Amino acid sequence: MDRQFLWYLPNMIERGHRGDDTVDGWGSLGYSVELARAAERHGWAGALIGTGWGRPDSFVLATAIAARSTSFVPLVAARPGYWQPAQFATAAATLSRLTGGRVWVNVVTGRDSLAAYGDGEADYDRRYDRTGEFLRLVRRLWTEEDVTFTGDFFQVEHSTVVPRPAGGQAPRLYFGGASAAAEKVSATQADVQLFWGEPLEGIDARIARLRQLSGQLGRELPPLEFGLRVTVVVRDSSQDAWRAAEERVAQMAADPKIGIDGHRGSVGQDRLLALAERGEVLDSCLYTAPGHYGGGGAGSTWLVGSYTEVAAALERYADLGITHFVLSDTPYLREVARIGDNLLPLLREPLSRGPRHPRMSHRNAIDL
């Protein structure tokens, strides 16, 4: 199965996200287009475009970027609570048709500023039930005509989406979430389950559970695929990489706003924060400290090391079944080029397992 390598595009107005030092143009269309074009030039298929209340609309930004790029595929984060299914299906199908199929979607269910955008569904499990119904209906709208549907959350009558997605191919649906409610949605409705940076044993167990659940729940789609969304701090040498990582964590400790992220309270975030109790460095080079100093989501744990060390660590995830990699580091514009030029070639040509990371001498590190 072919591997996909995606970057991250910080869809935010306020600069400084995860320590990015960009000042001129930050938050502008020009900066976002520059980052997308850099991703194209340096080997990335596209980039994840985040969503959240108080941030620019992800679909509008994705459309503008796609119009100014040639191969870049936006992975557009979208929340069912922001959209009605028919409206979303039409927007995604339109972007697909305009770009020749260059649109994938990352479906986000976790709570945001509910009252601000009028989402009245705060119950955790019901939000995932709503997402599952949303995705079932959206898939029908992309592939069927004259759809009539009455569910617990949504209904449509004689609905036909125009235009249809390019080539009759529905946009790929990525999905995250670590709770039991989230796993049911992923097992039945997602194309790709995205994981944050957990140790190998945890990812292995989750993949096995999702595959089993897919069978138990009668999944009707092609087999679920798996992806990893993680920060990578890589340098020419291991020593340089760890120096950079530790200096940044020290800055985060002094000013938590450097790494602040909006994932607090989710099951997946709690899993990441609990990792530090097992050790500062897990597996070969998974650094757990950032989550305790403002890092959230993909910024909670980092893979740290030389290019060959981090490539070897990512290969171990690939051995478990990971085929989609959404990587990033800051400054985004510098790192999209450097990581693309130096790390991606090693992942496209799998390398033999290298030596254990020198930090693994720590007594609390776990070697899987």
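Preceding this section is the structure that the text describes.
Residues numbered from 1 in each chain as written. Predicted model: local features only at pLDDT ≥ 70, side-chain atom pairs only at ≥ 80, totals over all residues. Heavy atoms only, no water.

### Structural notes on the nonpolar core
Where we set the bar: For the purposes of this section, nonpolar cores are sets of buried Ala, Val, Leu, Ile, Met, Phe, Trp, Tyr and Cys residues that join through side-chain atoms within 4.5 Å. Burial here depends on accessible area, computed with a 1.4 Å probe over protein chains only, as a share of the maximum for the residue type. Under 20% is buried, over 50% is exposed, and the range in between is partly exposed. Where helices and strands are cited, they refer to DSSP runs of H or I of at least four residues and of E of at least two residues respectively, numbered from the N terminus. By definition, residues are in contact when any of their heavy atoms lie within 4.5 Å.
The biggest cluster of nonpolar side chains holds 106 residues, and the ones touching the most others in it are Phe88, Leu303 and Leu314. Looking at which element gives the most residues to this core, the answer is helix α10 (residues 307-320), with 8 residues. With sequence-adjacent residues up to four places away left out, Phe88 is seen in contact with Phe59, Ala78, Trp83, Val105, Phe134, Val138 and Trp142.

### Section: empty space enclosed by the protein
Rolled over the atoms, a probe as big as a water molecule pinpoints where empty space is left. Our working definition: For cavity detection a 1 Å grid was placed over the protein atoms alone, and a set of points counts as a cavity when a 1.4 Å probe fits there but cannot get out; an open set counts as a pocket when protein lies on both sides within 12 Å along at least five of seven lines, with lining residues being those that have an atom within 4 Å of a point. Grid points are joined across faces, edges and corners, and a volume is the space filled by probe spheres set on the points. Residue polarity is assigned by list, with Asp, Glu, Lys and Arg as charged and Ala, Val, Leu, Ile, Met, Phe, Trp, Tyr, Cys and Pro as nonpolar; anything else, Gly included, falls into the polar class.
Tallied over the full model, the rule gives 3 cavities of 30 Å³ or more. Looking at the second largest cavity, its volume works out to about 40 Å³. If one sorts the elements of the lining of the second largest cavity by residue count, α10 sits on top with 3 residues. By residue class, the composition of the lining of the second largest cavity is 6 nonpolar, 1 polar and 2 charged.

### Concerning the packing of helix α3 (residues 85-99) against helix α5 (residues 124-143)
Here is the rule we go by: To get an axis, fit a line to the C-alpha atoms, keeping to the stretch in contact for a helix; angles then go from 0 to 180 degrees between the N-to-C directions. When an angle is under 35 degrees it counts as roughly parallel; over 145 it counts as roughly antiparallel; between 65 and 115 it counts as roughly perpendicular; any other value is oblique. A crossing counts as left-handed when the near helix is turned anticlockwise from the far one by less than a right angle, and as right-handed when that turn is clockwise.
Interaxial distance between α3 and α5 falls to 9 Å at its minimum, and their mutual angle equals 50 degrees. Classed by the angle they form, the pair α3 and α5 counts as oblique. In the crossing of α3 with α5, the sense of the turn from one axis to the other is right-handed. Contact residues: Pro85, Ala86, Phe88, Ala89, Ala92 and Ala93 in α3; Phe134, Leu137, Val138, Leu141 and Trp142 in α5. In the contact of α3 with α5, the residues fall into 11 nonpolar, no polar and no charged.

Geometric values such as these leave the question of function open.
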